[in-house]
Amino acid sequence: MMRTRPLKVALLGCGVVGSEVARIMTTTADDLAARIGAPVELAGIAVRRAGRPRPGVPEHLLTTDAEALVGRDDIDVVIEVVGGIEPSKSLILKAFGNGASVVSANKALLAKDGAELHAAAAAAGADLYYEAAVAGAIPLLRPLRESLAGDKVNRVLGIVNGTTNFILDKMDSTGAGYSEALEEATALGYAEADPTADVEGFDAAAKAAILAGIAFHTKVTAADVYREGITEVTAADIASAKQMGCVVKLLAICERSADGSSVTARVHPAMIPLSHPLASVREAYNAVFVEAEAAGRLMFYGPGAGGSPTASAVLGDLVAVCRNKVNGTTGPGDSVYAQLPAKPMDEVVTRYHVSLDVDDRAGVLAQVASVFAEHGVSIDTVRQQGRDGDAALVVVTHRATDAALSATVDKLRALDSVRDVASIMRVEGE
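Everything numeric in this text was worked out from a predicted model, so none of it was measured.

A.B. asks: Please set out the packing of helix H13 (residues 364–374) against helix H14 (residues 402–413) residue by residue, giving values where relevant.
C.D. replies: At a closest axis distance of 9 Å, the pairing of H13 and H14 adopts a crossing angle of 145 degrees. H14 is crossed by H13, and the crossing has right-handed handedness. On the side of H13, the interface is formed by Val368, Val371, Phe372 and Glu374, while H14 contributes Leu405, Thr408, Lys411 and Leu412. Here the contact of H13 with H14 is composed, by residue class, of 5 nonpolar, 1 polar and 2 charged.

Set out below in structure tokens:
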């Protein structure tokens, strides 16, 4: 039997995602009610400026007083799609203080203060759901938290930022440089006017922190995630990857150590072989591999951003949270019982692609090889091409620690025969 009193929802933010959430809630109200077991009603929409045109959004619901909206006694669920740390954090905490559950898409806030928000939700007997914070429409967090709850996840590897994937894909498919590819991404709406959060890896790092925390049942914040962006990736790097039968992707990699005593979370460009499924992820799409002991390798693929895809994830969380309200229960909370430390990047073991500009003369290769050997970094392959007294020397290593590779590069830079260390890139997906 359906409950007759509607569940009332406050929506914070009415941009690309928020306006789509409002539209879907309004046009599919009957279906949502049937799925939830109670009517669901959009009670108010908090915006920064009320005068802007918002097609399809009921104007009478708009307010610029977010605090008053969240503070209403009749609000059952708050949807937060404003982004940023403040005022979002204060508004969410106020919602919990009033007993409301929260659905959020705010990866930056969750990666920084997720533990505090979860604690506030638990104290209030409320839910905190945030599927839309990572990989847009792709169902990823709930499978990690619920479907794989009885398994042991050892690794999460993926492309979680559509802007950078679009840029790198264009560099690979057209031969364009970074600036040209970024310009095209901006013109098509894939990149913001200020693309820093995307191209410098901040967005992906926040998502990596969330993924690692859920996958490994331990507290991981954005500060624990090693981060490199794609701004230093050149057309020469892309071409070199092609010669190796690889493509360059910005990867988020979360791993449990072999002995299970620590975790690592990192975001950086990497070369992956064309045979790897992630190599075929094109344009602005996202894809994530999850490796678990019993389930094996699972891949999640789909649109990682945009108004409709992200709104889909938000509405999925809304239905789950409202069902819990109807049944007088809450969903899974924060699971951080493992309390595993985050290993520093210096101790992470991986393969490397090192491109050097050297003098084109006898003995240089032997000099370079001796430096790698001196620091315990074994060489897998070497490729050399001479040109007018200079030579391009490309070294691909076996697996080594970041600290050992850094020491090697420092020594290489001191050699008279090495004119420049042109680029260093990790190699993944063996």
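Having seen it, we continue.
A.B. asks: Quick rundown of helix H2 (residues 29–36)? Include the residues and the values.
C.D. replies: Counting along an α-helix, one turn takes 3.6 residues, and residues three or four places apart therefore face a common direction. Every buried residue of H2 is accounted for by Leu32, Ala33 and Ile36. On an axial view of H2, the arc spanned by its buried residues comes to 100 degrees, and they lie on one face. Those residues of H2 that are exposed and angled more than 90 degrees off the buried face are Asp30 and Ala34. Next to the buried residues of H2 lie strand S1 (7–12), helix H1 (16–27), strand S2 (40–46) and helix H12 (307–327). Among the residues trailing H2, Gly37 stands out with phi positive, at a value near 95 degrees.

A.B. asks: Explain the sheet that holds strand S6 (residues 128–129) residue by residue, including any values.
C.D. replies: Ordered by their spatial adjacency, 6 strands build an open sheet running S3-S2-S1-S4-S5-S6, and the pairing between neighbours is parallel. This sheet does not close on itself; its edge strands, each paired only once, are strand S3 (62–63) and S6.

A.B. asks: Give a description of the packing of aromatic side chains that names residues and reports values.
C.D. replies: What characterises a pair of aromatic rings is the spacing of the ring centres plus the angle enclosed by the ring planes. Following the criterion strictly, the structure yields 2 aromatic pairs and no others. Ring plane angle 35 degrees and centroid distance 4.6 Å describe the contact between Phe166 and Tyr190, whose orientation is recorded as tilted. With Phe166 in helix H7 (residues 162–174) and Tyr190 in the loop between helix H8 (178–187) and helix H9 (196–199), this pair connects stretches of sequence that are 24 residues apart. Relative to Tyr301, the ring of Tyr285 has its centre 5.3 Å away and its plane inclined at 10 degrees; by these criteria the two rings are stacked. You can see Tyr285 sitting in strand S11 (residues 285–292) and its partner Tyr301 sitting in strand S12 (residues 296–303), a full 16 residues away along the chain. Note on Tyr285: relative accessible area 35%, which makes it partly exposed.

Quick notes on the rules
Residues numbered from 1 in each chain as written. Predicted model: local features only at pLDDT ≥ 70, side-chain atom pairs only at ≥ 80, totals over all residues. Heavy atoms only, no water. Axes fitted to C-alpha atoms, helices over the stretch in contact; angles between N-to-C directions. Helix = DSSP H or I, 4+ residues; strand = E, 2+ residues; numbered from the N terminus. Left-handed = near helix turned anticlockwise from the far one by under 90°. Contact = heavy atoms within 4.5 Å. Nonpolar A, V, L, I, M, F, W, Y, C, P; charged D, E, K, R; others polar. Buried < 20%, exposed > 50% of the residue type's maximum accessible area, 1.4 Å probe, protein only. Arc of directions from axis to C-beta. Pairing = 2+ DSSP bridges. Phe/Tyr/Trp six-rings, centres within 6.5 Å; stacked < 30°, edge-to-face > 60°.

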